[in-house]
Amino acid sequence: MVDTSIPVSEYVARRKKVLSSLKGAVGVVFAGDGAPPLRGEWFPNFDFVYLTGIRNEPGACVLFDASNPDPKKRIMLLLKPVDSEMDVWDGYRATIGEALRESTGFETVQRVYRLPLWLREAAKRSKKLACLHPLSVHTAPVSPDLKIFQEVSARVPGCSIEDRSDLITELRMVKSSRELKHMGDAIKATHVGIERVAERIRPGVSERDLHNALIGGFNEMGALRAAFNPIVGSGERSTVLHYKENDQIAEDGDLLVLDCGAEINGYASDITRTFPVSGTFTDRQREIYELVLKAQNAAIKAVKPGVTMVDVDNAARKVITDAGYGDAFLHGTGHQLGLETHDPGTLTKLKPGMVVTIEPGIYLRDEKIGVRIEDDILVTRDGRKNMSSAIPKTVKDVEALLAKSKGGSKSKKK
Ligand code: GLY
Ligand code: MN
């Protein structure tokens, strides 16, 4: 049940950090509800995964009750009851006992129907209820813990509700060595996927063929899935930021934006390379490509402890704006990366152990030129380390990679 690619002791340590940061307040993190669908996958709330390594327990939650007089009940795992008839459809689940406690690292595992009782007792003692889930926008449903706390505080006099929704995000942003190892492996798998695309890219190839070659490369390296829908967009579709159909033909003279990431041991990578379908950039394509690369290098250089992603974004944006293409750089320069491709992040200053993407781009629809270049950058004590630097990126290295592939045809520069 627990994803053992992270040791149980690390999950226990993460939970203890949350407990001590709550300073006596009560908190609940829900896995979320849902049934495994026939098509696609059910994904739990990733804060719950971060705290437990459990991905297949819809309806579960972790209760933090720091003031509980029994130290073993200060962090509890609450699971839905076993339903032997449903288990035949969805898989056999463990009953509560020593084996379950040991494998999850929780000293107390109970059934979730007891949550109302535990919450009332915890609220009576603590009088402080802390929202750990991200707060919703006003058009969305109220976040699940706030909704329950509003009901609890209507019944237990004197309770206050506080916003601690950044707490788990801030822990998740700083990666452990084990997490960095998994992310490095995900990047290696992505590298192989990109090489498989480079081997097949040529005028007339379908984006779907390239998509399949990419996924084949991920699978060769042990990835069970892509971290997100790969973007394999040629020609005009290279300018569509989240293009997902991947069902057209790549023509001679097109650029191809390949934005992709394998997932390994639950951790994501997120890399973009832009390739000339013919194997060689035209002069105009190279001009735009070099500009995006210059912006990317400026942003990567700006990454260091103490700066914010706003500073990093400004470094890339200045290069592109000064060259007159500011309005063609339509998105932010990067985001946090981890369990999720777009990992949650706060506007806090960068710290060693964070991993961010750096991905400026220029999109000129009329010229069918879309260029994005994206790497995964680890913030270190001294500055940064580009975790994906082995994947070819300069004009010379990209053209050399494509020339190596048998399918790569030479076409005259325009
Ligand atoms: N790689 C897709 C994105 O960052 O939006
Ligand atoms: Mn990205």
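What counts, and where the lines are drawn
- Residues numbered from 1 in each chain as written.
- Chains lettered and ligands numbered in written order.
- Predicted model: local features only at pLDDT ≥ 70, side-chain atom pairs only at ≥ 80, totals over all residues.
- Heavy atoms only, no water.
- Axes fitted to C-alpha atoms, helices over the stretch in contact; angles between N-to-C directions.
- Helix = DSSP H or I, 4+ residues; strand = E, 2+ residues; numbered from the N terminus.
- Left-handed = near helix turned anticlockwise from the far one by under 90°.
- Contact = heavy atoms within 4.5 Å.
- Donors = N, O, S within 2.8 Å, 3.2 Å for Na, K, Ca; no water.
- Buried < 20%, exposed > 50% of the residue type's maximum accessible area, 1.4 Å probe, protein only.
- Near = heavy atom within 4 Å.
- Polar contact = N/O pair within 3.5 Å; in protein donor to acceptor, adjacent residues only side chain to side chain.
- Areas by Shrake-Rupley, 256 points an atom, 1.4 Å probe, with all protein chains shown as cover.
- Nonpolar A, V, L, I, M, F, W, Y, C, P; charged D, E, K, R; others polar.
- Pairing = 2+ DSSP bridges.
- Right-handed = clockwise from strand over helix to strand, strands pointing away.
- Core = buried A, V, L, I, M, F, W, Y, C linked by side-chain atoms within 4.5 Å.
- pLDDT = per-residue confidence, 0-100.
- Salt bridge = Lys/Arg side-chain N within 4 Å of Asp/Glu carboxyl O.

## Section: the packing of helix 8 (residues 177-200) against helix 9 (residues 207-220)
Where helix 8 meets helix 9, the closest approach of the two axes is 7 Å, and the angle between their N-to-C directions is 145 degrees. By crossing handedness, the relation of helix 8 to helix 9 is classed as right-handed. Seen from helix 8, the contacting residues are Ala189, Thr190, Val192, Gly193, Ile194, Arg196, Val197 and Arg200; seen from helix 9, they are Asp209, Leu210, Ala213, Leu214, Gly217, Phe218 and Glu220.

## Section: the coordination of the manganese ion (ligand 2)
Protein coordination at the manganese ion (ligand 2): the donors are Asp270 (OD), His335 (NE2), Glu359 (OE) and Glu374 (OE), at 2.1 to 2.3 Å from the metal. In the primary structure, the donors to the manganese ion (ligand 2) are separated according to the pattern D-x64-H-x23-E-x14-E. In this pair, His335 is assigned in the loop between helix 11 (309-322) and strand 13 (355-358) and Glu374 in the loop between strand 15 (369-372) and strand 16 (375-379), connecting sequence segments 39 residues apart. When its relative accessible area of 0% is taken as the criterion, Glu374 is described as buried.

## Some remarks on the site of ligand 1
In the vicinity of ligand 1, the contacting residues are Phe228, His242, Asp259, Asp270, His335, His342, Glu359 and Glu374. At 2.8 Å from a nitrogen atom of ligand 1 is found a side-chain nitrogen or oxygen belonging to Asp259. The contact in question runs from a nitrogen atom of ligand 1 to an N or O atom on the side chain of Asp270, over 2.8 Å. When ligand 1 sits alone it has 200 Å² of accessible area, and the protein chains cover 92% of it. Partitioned by chemical class, the residues of the shell around ligand 1 number one nonpolar, three polar and four charged.

## What about the sheet that holds strand 13?
Read across the open sheet, the three strands follow the order 13-16-17; overall the sheet is antiparallel. Only two strands of the sheet have a single partner each, and these edge strands are strand 13 and strand 17 (384-386). Here the average twist between neighbouring strands, direction ignored, is 30 degrees.

## Topic: the pairing of strand 5 (residues 128-131)
As judged from the four bridges shared by strand 5 and strand 6 (residues 160-163), these two strands associate in the parallel manner. Looking at strand 6, one finds that Leu129 is bridged to Ile161. Of the crossover connections in this fold, the one passing from strand 5 over helix 6 (residues 144-153) to the parallel strand 6 is right-handed.

## As for the nonpolar core
If you look at the biggest cluster of nonpolar residues, it comprises 97 residues, and the most contacted ones within it are Val18, Phe64, Leu258, Phe275 and Ile362. For this core, the element with the highest residue contribution is helix 10 (residues 283-302), accounting for nine residues. Those residues in contact with Leu258 that lie beyond four places of it in its chain are Ile194, Val197, Leu214, Ile231, Val232, Ile271, Thr272, Arg273 and Phe275. Counting 19 residues, the second-largest nonpolar core is a separate cluster that includes Leu63, Leu129, Cys131 and Val152.

## With respect to the confidence of the model for the protein
Per-chain confidence: the protein averages 96 in pLDDT, with 98% of residues scoring 70 or above. Counting contacts from residues 407-414, a segment whose pLDDT is below 50, to residues more than four positions away or on other chains yields 20 contacts.

## Observations regarding the pattern of salt bridges
On inspection of all chains with the given rule, the structure shows 29 salt bridges. For Glu340, the salt bridge identified is with Arg172, shortest N-O distance 2.8 Å. Of this pair, Glu340 sits in the loop between helix 11 and strand 13 while Arg172 sits in helix 7 (residues 167-173), placing them 168 residues apart in sequence. For Arg172, a relative accessible area of 3% gives the class buried. Notably, a salt bridge pairs Glu367 with Arg284, separated by 2.7 Å at the nearest N-O pair. Of this pair, Glu367 sits in the loop between strand 14 (361-364) and strand 15 while Arg284 sits in helix 10, and the two are 83 residues apart along the sequence. Linked by salt bridges that have partners in common, Asp47, Arg172, Lys175, Glu340 and Asp343 make up one network.

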